[in-house]
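Here is how the chains run, residue by residue.
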Amino acid sequence: MTKYFRRKVIKFFTCFVIVFASYIIQTTPGLFEFFGIKPILVLPACICIAVFEGEFAGGLFGFFAGLLCDSASETVFGFNAFIYLSFCVLAGLATIYIFRRSTINIMLLCLAAVFLRSALEFFFAFVLYEYPDLDVFFYTVIAPQAVLSSIFSLPYCALFRWLHKKFEPEETRE
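Residues numbered from 1 in each chain as written. Predicted model: local features only at pLDDT ≥ 70, side-chain atom pairs only at ≥ 80, totals over all residues. Heavy atoms only, no water.

Draft legend 1. Structural context of the packing of aromatic side chains. Summed over all chains, the structure comprises 13 aromatic pairs. Ring geometry for F122 against F138: centres 5.3 Å apart, planes inclined by 55 degrees, an arrangement best described as tilted. With F122 in helix α5 (residues 103-127) and F138 in helix α6 (residues 134-151), this pair connects stretches of sequence that are 16 residues apart. We classify F122 as buried; its relative accessible area is 9%. Here the aromatic residues F13, F16, F20, Y23 and F64 are joined through ring pairs into a cluster of three or more. (Phe/Tyr/Trp six-rings, centres within 6.5 Å; stacked < 30°, edge-to-face > 60°. Helix = DSSP H or I, 4+ residues; strand = E, 2+ residues; numbered from the N terminus. Buried < 20%, exposed > 50% of the residue type's maximum accessible area, 1.4 Å probe, protein only.)

Here's what the structure looks like:
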């Protein structure tokens, strides 16, 4: 086993542990709940992986994390897996070809991803069935959840930036 391969294995195992720990924290009742709103922690972690490790690794982690979230959500199984996979691949490609890897760009990517994911779930779970007072629910739960989740993307950004710098060989660092 080469040194480069060993570093990759350690780095991706660490990313796996972080995503799994984020899932555990996200699904624990009452933990990190602010005024009845729980942030989505797994998607910002996967977006940060996609930004720092590329679209392929981000897509794999997004798919895995989406399957984890599907096991605990009330949506159709595969909904989160498809959404997370798509958003992580797009985030990885966007940082390669369009955006720089700045903290504000990562935070905005996480905000957009969480907001779009929540809006899609809101549409398919509530709007199609014509529940009453949907506008109040959207402005008091969905929008604050997206903002809170993007705030939680800041520690993930710092953590995955550090992991990327620590485990990448010096000749391939940016």
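Draft legend 2. Highlighting the layout of surface pockets. Considered as a void within the structure, the largest pocket measures approximately 700 Å³ in volume. Those elements giving two or more residues to the lining of the largest pocket turn out to be α1 (3-27), α3 (55-72), α4 (79-97), α5 and α6. Ranked by the residues each element gives to the lining of the largest pocket, the list is headed by α5, at seven residues. Tallied by class, the residues present in the lining of the largest pocket amount to 14 nonpolar, eight polar and four charged. (1 Å grid on protein atoms, 1.4 Å probe; cavity = no way out; pocket = protein on both sides within 12 Å on 5 of 7 lines; lining within 4 Å. Points joined across faces, edges and corners; volume = space filled by probe spheres on them. Nonpolar A, V, L, I, M, F, W, Y, C, P; charged D, E, K, R; others polar.)

Draft legend 3. Summary view of the nonpolar core. Formed by 40 residues in total, the largest nonpolar core has its most connected members in V19, V42, L43, I47, Y84 and F160. Looking at this core, the elements with two or more residues in it are α1, α2 (42-53), α3, α4, α5, α6 and α7 (153-167). Per-element accounting of this core gives the leading share, ten residues, to α2. (Core = buried A, V, L, I, M, F, W, Y, C linked by side-chain atoms within 4.5 Å.)

None of this, on its own, says anything about what the molecule does.
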